[in-house]
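Structure assessment
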Amino acid sequence: MTSSSLFNASLSSLSPNQDLFRRHTSSPLLRYRPVLVSCTSPADGNNTTTPIETITKPRRTENTIRDDARLQRSTAANPFSARYVPFNAPPGSSEHYSLDEIVYRSRSGGLLDVEHDMEALKRFDGAYWRDLFDSRVGKSTWPYGSGVWSKKEWVLPEIDDDDIVSAFEGNSNLFWAERFGKKFLGMNDLWVKHCGISHTGSFKDLGMTVLVSQVNRLRKMKRPVVGVGCASTGDTSAALSAYCASAGIPSIVFLPANKISMAQLVQPIANGAFVLSIDTDFDGCMKLIREITAELPIYLANSLNSLRLEGQKTAAIEILQQFDWQVPDWVIVPGGNLGNIYAFYKGFKMCQELGLVDRIPRMVCAQAANANPLYLHYKSGWKDFKPMTASTTFASAIQIGDPVSIDRAVYALKKCDGIVEEATEEELMDAMAQADSTGMFICPHTGVALTALFKLRNRGVIAPTDRTVVVSTAHGLKFTQSKIDYHSKAIPDMACRFSNPPVEVKADFGAVMDVLKSYLGSQTLRS
């Protein structure tokens, strides 16, 4: 849709008596900003305050974008709301909690989910929501410059803009993996959603902006929250520490000793977190942080807390948006603690239920073979789930044997006719090297997802013309040591078939010429 048609579409729902343009040009210190206006709901014709930004207002340049948002805030009642409910609750369940309550489990001890008032959201049709979300892309308007908060009505609709803690995360690159797809898979419509191109280098920013924003709100409400804590294999702690530092909130991090990369470890340290390096694995850290947060006024930030999934689901909405609201055939997501596969399902499903798209993609959850409890559960026909002790894997962020969100993941995969695949250490490292050789620079977890794609293509499950999206969850720069070890062939019992070590040569013209001629000759033969 062109920008002009998009603008006209946004105007189409305005009340006919609405003054569309109020331009103030008397002072060079003033510039135009979008504001909230009263619009007519396309579903029921009632005059309702809606989030379309159309009227422009001036602001003085000394104001911050927060000041600007505060000045332009609508005084009308917010029609949207959300609350905690038990995950997959039976029909007729009346159990629910305010998002301002500090609660992580239902009365029965099960997981919670964030439930939105879908009837309020359905008062506006799919075209309205598509146009609204599209109109916010690439803007600096607070808080809509964020890929998460540009969907605020679907994420945390009742939070005040002043309480939001954001680094304008999201809006990450959807990369057409043309050469990789054609060369290695015979595919011409393969895409990689680079969620690792983000503030702290992983998709965890999408959820953490929501969680820390809510904590910021709770602290302003004088609720008993002294700090925020998490157990982490690296990326969660990086995101938590950065967003807490931005808001001036203490962060506490439990890390498994000697099990994450130095690049991941240094991030919470640099952002001022209180870091505990504990002699256990992630599951041991998770057990401890849950016990500690039950005794101390520390807010739990792990994906047991369903608020994070509200931010993470926006990556799914973003994929649809980047395809001009066309639905891909497949989406492949690496899985460890398993909240993300459910978050993607939830994002796709909301778009379908609210009329933005007419179907959802099939999803694949990819696990490392050294930490594959979901894969084993899937292969057993979804019979009794058995936690495991995860072995060491280069895909360290998904080295989890007892995932918190197992029930969420199983639910999502059943609902979308999903598949679970696994990758050995050699398979995931080879896939990472192959992807890097075509211009990417991916993390080992993305190597797990690409291995799943290789296997599904080889079995004919995914067709060469299927539009397929592989979700890349972290930036490759966090995992340089694993790449160095691979290309140095320093990994025991691994052939490193696609390694590309530097060639040592004497500082001599003739020697350099001989090496280059040999290299160029080999390239000519390949082409």
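Criteria and cut-off values
Residues numbered from 1 in each chain as written. Predicted model: local features only at pLDDT ≥ 70, side-chain atom pairs only at ≥ 80, totals over all residues. Heavy atoms only, no water. pLDDT = per-residue confidence, 0-100. Contact = heavy atoms within 4.5 Å. Pairing = 2+ DSSP bridges. Helix = DSSP H or I, 4+ residues; strand = E, 2+ residues; numbered from the N terminus. Axes fitted to C-alpha atoms, helices over the stretch in contact; angles between N-to-C directions. UniProt positions renumbered as here; feature names shortened; annotations may be inferred. Parallel < 35°, antiparallel > 145°, perpendicular 65-115°, else oblique. Left-handed = near helix turned anticlockwise from the far one by under 90°. Nonpolar A, V, L, I, M, F, W, Y, C, P; charged D, E, K, R; others polar. Expected span 1.5 Å × (residues − 1). Buried < 20%, exposed > 50% of the residue type's maximum accessible area, 1.4 Å probe, protein only. Patch = residues over 30% accessible without salt bridge, like charges linked within 9 Å, V, L, I, M, F, W, Y side chains within 5 Å. Areas by Shrake-Rupley, 256 points an atom, 1.4 Å probe, with all protein chains shown as cover. Salt bridge = Lys/Arg side-chain N within 4 Å of Asp/Glu carboxyl O.

**Topic: the confidence of the model for the protein chain**
Residues with a pLDDT of 70 or more make up 88% of the protein chain, whose mean pLDDT is 88. This stretch, residues 1–41, has a pLDDT under 50; its non-local contacts, to residues over four places away or in other chains, come to 96 contacts.

**Considerations on the sheet that holds strand β8 (residues 251–256)**
Strand order in this open sheet of four strands is β9-β8-β7-β10, and the pairing throughout is parallel. Edge positions in the open sheet fall to β9 (274–278) and β10 (298–300), since each of these has one partner strand only. Across the sheet, the mean angle separating the axes of adjacent strands is 25° when strand polarity is ignored. Looking at chain direction, strand β7 (residues 227–231) and β10 are connected through three bridges and run parallel. Residue G229 lies in a different strand from β10, and its bridge partner there is L300. Each of β7 and β8 touches helix α8 (residues 235–247); the most contacted strand, β7, lies at about 170° to it.

**Concerning the sheet that holds strand β11 (residues 330–334)**
In spatial order, the strands read β5-β6-β14-β11-β12-β13; together these six strands make up an open sheet with mixed pairing. Of all strands in the sheet, those with a lone pairing partner are β5 (174–176) and β13 (419–423), marking the two edges. Strand-to-strand twist across the sheet, computed as the mean angle between neighbouring axes with direction ignored, equals 25°. The pairing of β11 with strand β12 (residues 362–368) spans five bridges and is classified as parallel. By the bridge assignment for β12, I332 is matched with V364.

**Some points on the UniProt feature "modified residue: N6-(pyridoxal phosphate)lysine" (unreviewed entry) in the protein chain**
When the UniProt feature table is mapped onto this chain numbering, "modified residue: N6-(pyridoxal phosphate)lysine" (unreviewed entry) sits at K204. Position of K204 among the secondary structure elements: in helix α7 (residues 204–220). With residues near it in sequence (within four places) discarded, K204 still touches D235, T236, A239 and R308.

**Comments concerning the packing of helix α12 (residues 314–322) against helix α13 (residues 339–353)**
Running from N to C, α12 and α13 cross one another at 50°; their axes reach a closest spacing of 7 Å. The orientation of α12 relative to α13 falls into the category oblique. Along this stretch, α12 crosses α13, giving a crossing that reads as right-handed. Mapping the contact onto sequence places A315, A316, I317, I319 and L320 in α12 and F344, G347, F348 and C351 in α13. Here the contact of α12 with α13 is built from residues that sort into eight nonpolar, one polar and no charged.

**Describing α13**
The end-to-end C-alpha separation of α13 is 21 Å, in line with the 21 Å expected for 15 residues at 1.5 Å each. The buried fraction of α13 amounts to twelve of the 15 residues, a majority that puts the element mostly inside the structure. Those residues of α13 that fall on the buried side of the exposure criterion are G339, N340, I341, Y342, A343, F344, Y345, K346, G347, F348, M350 and C351. Directly after α13, the chain includes G355, whose backbone phi takes a positive value near 85°.

**Re α7**
Here α7 is 17 residues long and its end C-alpha atoms lie 24 Å apart, about the 24 Å a rise of 1.5 Å per residue gives. Most of α7 sits inside the fold, with 15 of its 17 residues counted as buried. Positive backbone phi, approximately 65°, marks K222, located one or two places after α7.

**Brief notes about a nonpolar patch on the surface**
A grouping of V503, V505, V512, V515, L516, Y519 and L520 is seen on the molecular surface, where their side chains present a nonpolar patch of about 610 Å² in accessible area. On the secondary structure map, L516 appears in helix α19 (residues 509–526).

**Observations concerning the environment of G272**
Take G272: it is sitting in the loop between α9 (262–270) and β9. For the pair G272 and S251, spaced 21 residues apart in sequence, the C-alpha separation works out to 7.9 Å.

**A look at the pattern of salt bridges**
The tally for this structure, following the rule as stated, stands at 20 salt bridges. Residue D113 pairs with K346 through a salt bridge whose shortest N-O separation is 3.0 Å. With D113 in strand β4 (residues 112–116) and K346 in helix α13, the pair connects residues that are 233 residues apart, well separated along the chain. In this pair, the class of D113 matches that of K346, namely buried. The closest approach of N and O atoms between D417 and R362, which form a salt bridge, is 3.3 Å. With a gap of 55 residues between them, D417 in the loop between α15 (406–415) and β13 and R362 in strand β12 connect regions that are remote in the sequence.

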